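Here is what each chain is made of, one letter per residue.
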Amino acid sequence: SSVSPQIGSYKDVSHESLSLFWLLEPRIEILVLGTGDRVERLHPAMLKQMRDCGIAVEVQDTPNACATFNFLTSENRMVAAGLIPP
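Here's what I pulled together on the structure shown here. If you're wondering where the values come from, they're calculated on a predicted model, not measured in any experiment.

With that settled, the discussion passes to helix α3 (residues 62–74). Over its 13 residues, α3 runs 18 Å from end to end, which matches the ideal 18 Å to within 8%, given 1.5 Å per residue. Taken as a whole, α3 has its buried residues at Thr 62, Ala 65, Thr 68 and Leu 72. Projected down its long axis, α3 shows its buried positions confined to an angular sector of 115°, all on one face. In α3, the exposed residues that point more than 90 degrees away from the buried face are Asn 70 and Ser 74. Those residues of α3 that are buried lie in contact with β1 (30–35), β2 (56–60) and β3 (79–84). Immediately beyond the C-terminal end of α3, within one or two residues, lies Asn 76, with a positive phi of roughly 60°.

Time to look at the sheet that holds β1. Taken together, three strands build an open sheet; the order of strands is β2-β1-β3 and the sheet is parallel. Looking at which strands have only one partner, the edges of the open sheet turn out to be β2 and β3. Averaged over all neighbouring strand pairs, the angle between strand axes comes to 15°, with direction disregarded. Two strands pair when backbone bridges link them, and β1 and β2 are joined in this way by five bridges, in the parallel orientation. In the strand pairing of β2, Val 32 is matched with Glu 58.

The next thing to look at is the environment of Gly 54. Topologically, Gly 54 is positioned in the loop between α2 (44–52) and β2. By relative accessible area, which is 52% here, Gly 54 ends up exposed. Between the C-alpha atoms of Gly 54 and Ile 28, which are 26 residues apart in sequence, the distance is 8.5 Å. Residues within four places of Gly 54 in sequence aside, it is in contact with Ile 28 and Glu 29.

To continue, consider helix α1 (residues 15–23). When α1 is considered as a whole, its buried residues turn out to be Ser 17, Leu 18, Phe 21 and Trp 22. One side of α1 carries all its buried residues, which in axial view fall inside an arc of 150°. Away from its buried face by more than 90 degrees, α1 exposes Glu 16 and Leu 23. Close packing links the buried residues of α1 with β1, α2 and β3.

Glancing now at the pattern of salt bridges. Within the structure shown, the criterion is met by three salt bridges. With its nearest N and O atoms 3.1 Å apart, the salt bridge here joins Glu 40 to Arg 38. Owing to a relative accessible area of 13%, Glu 40 belongs among the buried residues under this scheme. Where Lys 48 meets Asp 52, a salt bridge forms, and the shortest distance between an N and an O atom there is 2.8 Å. Here the residue Lys 48 and the residue Asp 52 both occupy positions in helix α2, the gap between them amounting to four residues, near one helical turn. Judged by relative accessible area, which is 43%, Lys 48 ranks as partly exposed.

What counts, and at which threshold
- Residues numbered from 1 in each chain as written.
- Predicted model: local features only at pLDDT ≥ 70, side-chain atom pairs only at ≥ 80, totals over all residues.
- Heavy atoms only, no water.
- Helix = DSSP H or I, 4+ residues; strand = E, 2+ residues; numbered from the N terminus.
- Expected span 1.5 Å × (residues − 1).
- Buried < 20%, exposed > 50% of the residue type's maximum accessible area, 1.4 Å probe, protein only.
- Arc of directions from axis to C-beta.
- Contact = heavy atoms within 4.5 Å.
- Pairing = 2+ DSSP bridges.
- Axes fitted to C-alpha atoms, helices over the stretch in contact; angles between N-to-C directions.
- Salt bridge = Lys/Arg side-chain N within 4 Å of Asp/Glu carboxyl O.

Okay, structure coming up:
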């Protein structure tokens, strides 16, 4: 059995840590990633991999990511969040 990697900062986000999100059923359409106190750039290849799986990725600082997640949920969108504490 595999153990999901520990994510302590945006630098720990990897293909492996994102793979969980394209295995979810029902399938999500949007992944909101909160990268802590500020918006951090993720590797473009990781974002492309998610888009290729049909999942849009929104990268924000964590407080805004929480608000975006709540808003999208209130619109009944299929959304998941990955949040790194600020």
